[in-house]
Amino acid sequence: MTAYLQAPAEGLWKDRGKTDSDDIVIFEVMTPSMDVSDWRRRQGDLEHVFRQENIVVRYWTITLL
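Structural notes, computed from the coordinates. On a predicted model such as this, the values are computed, not experimentally measured, just so you know. (Residues numbered from 1 in each chain as written. Predicted model: local features only at pLDDT ≥ 70, side-chain atom pairs only at ≥ 80, totals over all residues. Heavy atoms only, no water.)

Quick look at the packing of aromatic side chains
Counted under the stated rule, the structure contains zero aromatic pairs. The lysine or arginine in question, R42, covers the ring of W39, its NZ or CZ lying 5.1 Å from the ring centre. (Phe/Tyr/Trp six-rings, centres within 6.5 Å; stacked < 30°, edge-to-face > 60°. Lys NZ or Arg CZ within 6 Å of the ring centre and 35° of its normal.)

Points about the pairing of strand β3 (residues 18-23)
Relative to β3, strand β2 (residues 10-15) runs antiparallel, the two sharing six bridges. The residue of β3 that forms the bridge with G11 is D22. Between the antiparallel neighbours β2 and β3 lie two residues, among them R16 with a positive phi of about 55°. (Pairing = 2+ DSSP bridges. Helix = DSSP H or I, 4+ residues; strand = E, 2+ residues; numbered from the N terminus.)

Some remarks on the environment of R42
Structurally, R42 can be placed in helix α1 (residues 36-49). In this structure R42 comes out as partly exposed when scored by relative accessible area, which is 35%. (Buried < 20%, exposed > 50% of the residue type's maximum accessible area, 1.4 Å probe, protein only.)

A few points about the side chain of E47
Turning to its location among the elements, E47 is positioned in helix α1. Discounting residues that sit within four places of it in the chain, E47 has contacts with Q52, E53, N54 and I55. (Contact = heavy atoms within 4.5 Å.)

Set out below in structure tokens:
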């Protein structure tokens, strides 16, 4: 796992016509296999732990050279 804690990333969203912002932390996990149902459960757990309405979990297949 890699954590991008110092990345210059900021999240913006609108709520009732007002724009709010927040710093974003990105965690990257590389694994040889993907269990989608397990990550859906983890996503809910992480939203609870970090008190977030939504946490984005994304995955894609890569080829290592």
